[in-house]
Amino acid sequence: MSQVSIRKIVKAYEGDVQAVKGIDLEIDDHEFVVLVGPSGCGKSTTLRMIAGLEEITSGEIWIDGDVVNDVPPRDRDIAMVFQNYALYPHMSVFENMAFGLKLRKLPKEEIKRRVDDAARMLDIEMLLDRKPKALSGGQRQRVAMGRAIVRNPKVFLFDEPLSNLDAKLRVQMRTEIKKVHQLVPTTTVYVTHDQVEAMTLADRVVVMNHGVIEQVGAPQELYHNPQTRFVAGFIGSPAMNFMSCRLEEAAGALRVRLSDKLSFPVPENRTARYRGHVGNSSLVLGLRPEHITETKPHAEPNQHDFDMVIDVVEPMGMETLVYFTIEGVAVSGRVNPSAGAIALRPMKLRADLSNMHLIDDSTGKVL
Amino acid sequence: MADGSTMAIDAGTTTSPAPRRVGSLKKLARRRSTTALLLCAPLILLIVCLKVYPTFYAIFLSMLDRKMENFVGLNNFIFLLSRPSFQLVIFQSCFFAITAVVMKATLGFILAHLMHNIRGKNQRIWRGLLLVPWVIPLSLSTLTWWWLFDPSYSAFNWTLSWFGLDSIPFLGTTWNARIAVIVVNTWFGAPFFMIMYLAALKSVPEQLYEAAAIDGATAWQKLIYITLPMMRNIILITVLYSLIVTFADFDIVRILTNGGPQDSTHLFATYAFNVGIESGNIPRGASVSLFMFPILATLAFFVLRDVLKRSKEIST
């Protein structure tokens, strides 16, 4: 049982700069939680406070039922994988992995068994005698993970472990990390700025911004039901389109108006929720690119066709991204490659309003 | 395109022999290695004049007789080794150099750690203050030390008298004098170690300490398993360099004790001066000064080979 509980923790630096502004988070045993957010949002600081590498200004961190605020890192029974791996350059791979066990005075045979097991799991058995310098980025990453695994700790902490790898290797190692967590389901806290990593790895994603938690939830929940404009824009790639709009009411039905010429009816099941915001001048319509597609031959409920002149076409292979402008704002859509999108030509598109989000821009909240 | 045009120019120059010579001369002048050699030439010349030539001349001199007329081979060395006074010089030089280097390295290491843990502007102030002994001309500071050690008027003995203690002849007995020269050498040399070790400490990535802390290392274990191995190269190089310089020390002993009492604090350099210049036996003086050369050169070879191997291993 290794639960991590973060209660109202604050990290303030000299000059009253607050990096983390009193966050609460409960992490369950065996759970894989990813802290995600832009740089400077306080995610790494939070992780380092869990590790014991940063002092906590106020609040409490509990690991496995104990407050660890004043417990040094070595007594917290945690393992951490650093962004630049932090392998000891003067030690061989075996020595790097065995170091923590050697310090804990485990018998030599036990150390060897654990290192060999981890090396087999990570497919680095043939590298055990090498020094870190003789390893590639991906291999170093595996060794850093191996060093964490052999310890069999209560909690794994990952601090942007894949950001030093090239794009292809990053995808490969992402799968490796997921595989390792399936084999060794230790409670894991993983920090990244890459929302794709967060979505693919996490049981729960914690989106942070400006030192506070914007939203916590399962990846699909964050994707479909973001609570703030920040989360809506941060999760999903390409990012959600945001268009200034206003709500109009006519004969009991609501319409969301984007420009003089362009407006869509609001789905009936949302009318009650949005009615109170008619006349609000700071509304923004959020619609993901995947919900703006080419037109289809048959009508679907809450899907509406409209015409646009396409500015830019980006063929991606399995799909094509199209960009157009509404009231000076660039908007993107995802269309079928065979839909015949051509730059600077008009195209009939379809917006799926059943996945729309209406945001009050003055509060940043999704309505 | 760029490759193509270069090739075309090359092809053009190969067709006529005369411009090619000019071209190759120009090329030679333009080569980076040529520029580097030209820039280094004054220094190389200086080293050849002041170091290489005197060394070979000293080797030549050490194989002559007192009149510098007849070649005597290694006789000067054999004679020196049989003399108790020279055996004492060997002992004193080794004792002096090894003890002083160990003390300088230890003190420098401790000071570097203290410095490293002082944050902000204060570190610069303390670093500057601690470098003072190294910056003051050695002969000048040794004179001050000589005054401090004086049996009648020194500050040390005056302080002792305050407590009703007898004055100590710091430079008057063999072991007191031996320790005194080591103290002065340590005082002078420790700042150099401190500054080198401080630079080495700063170059150890902070994340290695963090990783070690998470792996379960105590402060002592971090020192043993991270700091020392990461600093090993710089420790080896500074110790080697300091050993060479300390073995060749002249100023401190010459000013503080002049080799006394009873020749017990003579080092190779002061003894060589004594034999070669003051007693007028230049070939034998040259032999004394060359005595440590093969030993230190061998040591330097192995140490530098090890340093090179390790730096290749751990550099990322």
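If you're wondering where the values come from, they're calculated on a predicted model, not measured in any experiment.

What follows covers the overall build of chain B. In terms of helices and strands, chain B carries 15 helices and zero strands. Computed over the C-alpha atoms, the radius of gyration of chain B is 27 Å, more than 25% above the 20 Å expected from 2.2 N^0.38 for a compact globule of 316 residues. Principal-axis analysis of the C-alpha atoms gives chain B an extent of 95 × 70 × 30 Å. Burial statistics for chain B: of 316 residues in total, 28% are counted as buried. Nonlocal contacts in chain B, meaning residues at least 24 apart in sequence, comprise 64% of its contacts between residues at least 6 apart.

One open sheet holds the four strands; their spatial order is β2-β1-β4-β5 (chain A), and the pairing between them is antiparallel. Edge positions in the open sheet fall to β2 (17-27) and β5 (66-67) of chain A, since each of these has one partner strand only.

Residue and element names in this part refer to chain B. Summary statistics for chain B give a mean pLDDT of 86 and a share of 92% for residues scoring 70 or more. In this model residues 1-18 is a low-confidence stretch, pLDDT under 50, and it forms four contacts with partners more than four residues away in sequence or in other chains. The complex prediction reports pTM at 0.81, with the ipTM value standing at 0.85.

For the rest of this paragraph, the subject is the packing of helix α2 (residues 93-103) of chain A against helix α4 (residues 137-150) of chain A. Residue and element names in this part refer to chain A. Running from amino to carboxyl end, α2 crosses α4 at an angle of 30°, the nearest separation of the two axes being 8 Å. The angle between α2 and α4 places the two elements in the roughly parallel class. With respect to the hand of their crossing, α2 and α4 are arranged in right-handed fashion. Between α2 and α4, the residues in contact are Val93, Asn96, Met97, Gly100 and Leu101 and Val143, Gly146, Arg147 and Val150, respectively.

Residue and element names in this part refer to chain B. Its 12 residues give helix α7 (residues 138-149) an end-to-end C-alpha distance of 16 Å, which sits within 8% of 16 Å, the value for a rise of 1.5 Å per residue. Burial in α7 covers these residues: Ser141, Thr142, Trp145 and Phe149. The buried residues of α7 occupy an angular sector of 105° when the element is viewed end-on, so they sit on one face. Opposite the buried face of α7, at more than 90 degrees from it, the exposed residues are Ser139, Leu140, Thr144 and Trp147. Buried residues belonging to α7 abut α6 (121-135), α8 (155-162), α9 (174-202) and α12 (251-256).

Quick look at the sheet that holds strand β17 (residues 312-315) of chain A now. Residue and element names in this part refer to chain A. Pairing is antiparallel across the open sheet formed by three strands, whose spatial order is β17-β18-β19. Because the sheet does not close on itself, it has two edges, and the strands there are β17 and β19 (329-335). Geometrically, the sheet is characterised by an average inter-axis angle of 25° between neighbouring strands, direction not taken into account.

Turning next to the packing of α2 of chain A against helix α3 (residues 108-122) of chain A. In a pair of packed helices, the angle between the axes and the distance between the axes together describe the arrangement. Residue and element names in this part refer to chain A. Between α2 and α3, the least distance of the axes is 10 Å, while the angle of their chain directions is 130°. Judged by the angle between their axes, α2 and α3 are oblique. When you trace α2 past α3, the crossing you get is right-handed. Across from Phe94, Met97, Ala98, Leu101 and Lys102 in α2, the residues of α3 making contact are Ile111, Arg114, Val115 and Ala118. A per-class count over the contact of α2 with α3 returns seven nonpolar, no polar and two charged.

Residue and element names in this part refer to chain A. Alternating residues of strand β12 (residues 253-257) divide into Leu254 and Val256, all buried, and Ala253, Arg255 and Arg257, none buried. For strand β11 (residues 241-250) and β12, the ladder comprises five bridges, and the chain directions are antiparallel. By the bridge assignment for β12, alanine 250 is matched with alanine 253. Where β11 folds back onto β12 in an antiparallel hairpin, the turn is made up of two residues, including alanine 251, whose phi is positive at roughly 55°.

Bringing α2 of chain A into the picture now. Counted residue by residue, α2 of chain A has eight buried out of 11 residues, so it is predominantly covered. For α2 of chain A, the complete set of buried residues consists of Val93, Phe94, Asn96, Met97, Ala98, Phe99, Gly100 and Leu101 of chain A. Contacts from the buried residues of α2 of chain A go to α3 and α4 of chain A together with α10 (206-215) of chain B.

All right, on to the environment of glycine 128 of chain B then. Among the structural elements, glycine 128 of chain B can be located in helix α6. On a C-alpha basis, the gap between glycine 128 of chain B and proline 191 of chain B in space is 9.8 Å, while along the polypeptide they are 63 residues apart.

Quick look at the pairing of strand β1 (residues 4-13) of chain A now. The side chains of a regular strand alternate, residue by residue, between the two faces of the sheet. All names here are of chain A. Pairing geometry for β1 and β2, over eight bridges, is antiparallel. Each residue of the ladder has a partner; that of serine 5, found in β2, is glutamate 26. The hairpin formed by β1 and β2 contains three residues between the paired strands, and glycine 15 there has a positive phi angle of roughly 80°. Summarising the sheet, β1 and strand β4 (residues 58-63) pair through five bridges and their orientation is antiparallel. Of the residues in β4, the one forming a bridge with valine 4 is isoleucine 63.

Bringing the interface of chain B and chain A into the picture now. Note on interface size: it is often stated as the accessible area lost on association of the parts. Taken residue by residue, the interface counts 17 residues in chain B and 19 residues in chain A. When contributions to the side of chain B that touches chain A are tallied by element, the ones reaching two or more residues are α10, α11 (219-247) and α15 (293-314) of chain B. With seven residues, the top contributor of residues to the side of chain B that touches chain A is α10 of chain B. The residue inventory of the side of chain B that touches chain A, partitioned by class, reads nine nonpolar, five polar and three charged.

Our next topic: the nonpolar core. Membership of the largest hydrophobic core comes to 151 residues, with the highest contact counts inside it found for Val34, Leu157, Val189 and Val206 of chain A. Looking at this core element by element, the count peaks at 13 residues for α9 of chain B. The residues touching leucine 157 of chain A, leaving out its near neighbours within four places in the chain, are Leu47, Ile50, Ala51, Ile78, Met80 and Val189 of chain A.

What counts and what doesn't
Residues numbered from 1 in each chain as written. Chains lettered and ligands numbered in written order. Predicted model: local features only at pLDDT ≥ 70, side-chain atom pairs only at ≥ 80, totals over all residues. Helix = DSSP H or I, 4+ residues; strand = E, 2+ residues; numbered from the N terminus. Rg over C-alpha atoms; globule rule 2.2 N^0.38 Å. Buried ≥ 20, exposed ≤ 12 C-beta atoms within 10 Å, placed from the backbone. Contact = placed C-beta atoms within 7 Å. Pairing = 2+ DSSP bridges. pLDDT = per-residue confidence, 0-100. Axes fitted to C-alpha atoms, helices over the stretch in contact; angles between N-to-C directions. Parallel < 35°, antiparallel > 145°, perpendicular 65-115°, else oblique. Left-handed = near helix turned anticlockwise from the far one by under 90°. Expected span 1.5 Å × (residues − 1). Arc of directions from axis to C-beta. Nonpolar A, V, L, I, M, F, W, Y, C, P; charged D, E, K, R; others polar. Core = buried A, V, L, I, M, F, W, Y, C linked by C-beta atoms within 7 Å.

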